[in-house]
Amino acid sequence: MLTVIEVYLERLLKPMDVQLILYLYESLGFPAELILYLYEYCVSRNKKSPSYVEAVALAWAREGIDTVEKAEAASSVYTSGFQTVNKAFGLNRAPGSAERQYIQKWFGSMKFEARIIEEACSRALLQTGRPDFKYADKILENWKKEGVTSFTDIAACDERHAKEMTARKASAPQKDAPVRPSLNKFNAYPQRSYSGEEFTSMEQRLLSQHLQPKNGGADGDGR
């Protein structure tokens, strides 16, 4: 096995490589066939560093991959998933380490079909204007809680959410519109109400003032 791995890596094994292989065999319990396939898989992606090999091995261990058959199936799903996500996000590059974990989670542990993941990525792109893996993960987490298992379930989920939002708006207390003050100058002064007797008295005073003779009137004395 060590000789074959040296052929894959195109170099002699270093102490770090040997320690990693022992860790895969003894701690993770990978059989020799799976370890060989692991190195073949990583080298096929032009990744030969021990850190990359270890990261892939730990991901496989978390997903319960303990045979070559399971690893091949997972690799096939990941490859198609990578293409699906790249297409939805409009990417033309290999995903980073954190992005690979998201892709493996969506297709692996969450077991979503490609159309659902593509829809989540498209919505994340429209909402944020960039390929946001974290935002897409939140969408898929919510759909998982809502019981979405097929692409047709998304429409029902959207409709249910829209009804909930409408109900919340209808039940929310309505705020009274603020009363704008009048621009009339007369209304700027304090207003009071008058009784009928007060209006009569005011009218009589105004009439008496109007009927009184003005200075220089008809008496002719000029006073």
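Everything in this summary refers to the structure shown in the same document.

## Describing unusual backbone geometry
Here's step 1: Backbone geometry places Glu-10, a non-glycine residue, at a positive phi of 60°.
Here's step 2: Among the secondary structure elements, Glu-10 is positioned in the loop between α1 (2-9) and α2 (15-27).
Here's step 3: A relative accessible area of 64% places Glu-10 in the exposed class.
Here's step 4: Here Asn-46, not a glycine, exhibits a phi torsion of approximately 60°, which is positive.
Here's step 5: Here Asn-46 shows up in the loop between α3 (32-44) and α4 (50-62).

## Side note on the packing of α1 against α3
Here's step 1: Two numbers describe how α1 lies on α3: the axes approach to 10 Å, and their chain directions differ by 5°. As the angle between them shows, α1 and α3 are arranged roughly parallel. Contact residues: α1 offers Val-4, Ile-5, Tyr-8 and Leu-9, while α3 offers Ile-35, Leu-36, Tyr-39, Glu-40 and Val-43.
Here's step 2: For the contact of α1 with α3, the residue count by class is eight nonpolar, no polar and one charged.

## Description of the nonpolar core
Soluble, globular proteins show a tendency: their nonpolar side chains are buried together.
Here's step 1: Counting 45 residues, the largest nonpolar core has Tyr-39, Trp-60, Val-85, Trp-106, Leu-140 and Trp-143 as the members making the most contacts within it.
Here's step 2: A per-element tally of this core places α3 first, with seven residues.

Each value, and the rule that gives it
Residue indices begin from 1 for each chain and proceed along its sequence in written order. The model is predicted, so local features are restricted to residues of pLDDT at least 70 and side-chain atom pairs to those at 80 or more, both for listing and for counting; the totals for chains, interfaces and linings are taken over all residues. With hydrogens and water set aside, each side-chain value is computed from the structure's full complement of heavy atoms. The helix and strand labels rest on DSSP assignments: H or I over at least four residues marks a helix, E over at least two residues marks a strand, and numbering proceeds from the N terminus. Burial here depends on accessible area, computed with a 1.4 Å probe over protein chains only, as a share of the maximum for the residue type. Under 20% is buried, over 50% is exposed, and the range in between is partly exposed. In this description, a line fitted to the C-alpha atoms serves as the axis of each element, helices being fitted only across the stretch in contact, and the angle between N-to-C directions of two axes falls anywhere from 0 to 180 degrees. These descriptions rest on fixed angle ranges, namely under 35 degrees for roughly parallel, over 145 for roughly antiparallel, 65 to 115 for roughly perpendicular, and the rest for oblique. Two residues qualify as a contact provided that any one of their heavy atoms is within 4.5 Å of a heavy atom in the partner residue. Any residue that is not Ala, Val, Leu, Ile, Met, Phe, Trp, Tyr, Cys, Pro, Asp, Glu, Lys or Arg is counted as polar, Gly included; the first ten are nonpolar and the last four charged. Here the nonpolar core consists of buried residues drawn from Ala, Val, Leu, Ile, Met, Phe, Trp, Tyr and Cys, with membership extended through side-chain atoms lying within 4.5 Å.

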